[in-house]
Amino acid sequence: MAVDPGFLDHAKDLFAGLGEVRTARMFGGISLYIDDAMFAILFGDALYMKADPNLRADYADAGALPFTYDTKTGPRTINGLMSLPDAALDDPDAALDWARRSLDCARVAAAKRAGAK
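Caption draft 1: Region of the structure containing the sheet that holds strand β4 (residues 46-50). Spatially, the six strands line up as an open sheet ordered β1-β2-β3-β4-β6-β5, and their pairing is antiparallel. Of all the strands in the sheet, just β1 (22-26) and β5 (66-71) have a single pairing partner and so form its edges. On average, each strand axis in the sheet is tilted by 35 degrees relative to the strand beside it, whichever way the strands run. Here strand β2 (residues 29-34) runs beside strand β3 (residues 37-43); their pairing, made up of five bridges, is antiparallel. Within β3, the position partnered with Ile30 by the bridge is Leu42. Against the sheet, helix α4 (residues 92-116) contacts β2, β3 and β4, and its axis sits at roughly 120 degrees relative to β3.

Caption draft 2: Main features of the nonpolar core. In terms of nonpolar packing, the biggest core is built from 31 residues, with Phe15, Leu32, Phe39, Leu47 and Met49 touching the most fellow members. Mapped onto this core, the elements with two or more residues apiece are α1 (5-14), β2, β3, β4, α2 (53-61) and α4. The dominant element in this core, judged by the number of residues it contributes, is α4, at seven residues. When residues no more than four places from it in sequence are discounted, the contact partners of Phe39 are Phe15, Leu18, Leu32, Tyr33, Ile34, Tyr48, Met49, Lys50, Ala99, Ser102, Leu103 and Ala106. Among the nonpolar cores identified, the runner-up in size contains seven residues, and Tyr33, Met38, Ile41 and Tyr48 belong to it.

Caption draft 3: Fine view of the pairing of β4. In this sheet, β4 lies alongside β3 in antiparallel orientation, the contact comprising four bridges. For Ala40, the partnering residue across the bridge sits in β4 and is Met49. Hairpin connection from β3 to β4: two residues lie between these consecutive antiparallel strands, with Gly44 at a positive phi of about 60 degrees. Examined bridge by bridge, β4 and strand β6 (residues 74-83) share three bridges and lie antiparallel to one another. Counted as the bridge partner of Lys50 is Leu81 from β6.

Caption draft 4: A look at the packing of α2 against α4. Between α2 and α4, the shortest axis-to-axis distance is 10 Å and the interhelical angle comes to 155 degrees. Our classification of the angle between α2 and α4 gives roughly antiparallel. Of the two possible hands of crossing, α2 and α4 adopt the one that is left-handed. In this structure, α2 uses Leu55, Asp58 and Tyr59 to contact α4, whose residues at the interface are Trp98, Arg101, Ser102 and Cys105. When the residues that make up the contact of α2 with α4 are grouped by side-chain class, the tally is four nonpolar, one polar and two charged.

How each quantity is defined
- Residues numbered from 1 in each chain as written.
- Predicted model: local features only at pLDDT ≥ 70, side-chain atom pairs only at ≥ 80, totals over all residues.
- Heavy atoms only, no water.
- Pairing = 2+ DSSP bridges.
- Helix = DSSP H or I, 4+ residues; strand = E, 2+ residues; numbered from the N terminus.
- Axes fitted to C-alpha atoms, helices over the stretch in contact; angles between N-to-C directions.
- Contact = heavy atoms within 4.5 Å.
- Core = buried A, V, L, I, M, F, W, Y, C linked by side-chain atoms within 4.5 Å.
- Buried < 20%, exposed > 50% of the residue type's maximum accessible area, 1.4 Å probe, protein only.
- Parallel < 35°, antiparallel > 145°, perpendicular 65-115°, else oblique.
- Left-handed = near helix turned anticlockwise from the far one by under 90°.
- Nonpolar A, V, L, I, M, F, W, Y, C, P; charged D, E, K, R; others polar.

Any functional reading would require information that these geometric values do not contain.
The structure is reproduced here in structure tokens:
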């Protein structure tokens, strides 16, 4: 599913307070990075944020859902990616707060990957 360029621009604007947002294609979507930390992914018209188990609970409390996609054997859920709560899509301050928290998770994950190499 292609990502609308206008939606990508909107997401980059929401997260501009984090620094320079770098993008890369990923699984039919577009991943968003700060440095080497992937903190969000856009699929179609949805924005998913990186989350560890603690942050995942906070996202769920705000109405966010995990990333789910269909396979030949049924739906698959990726719990480490939670949708950005709807209210934050139009509230740059709220979006930036969620993004900072997701970026913290992403940096921990990136450091673990780097340490494993």
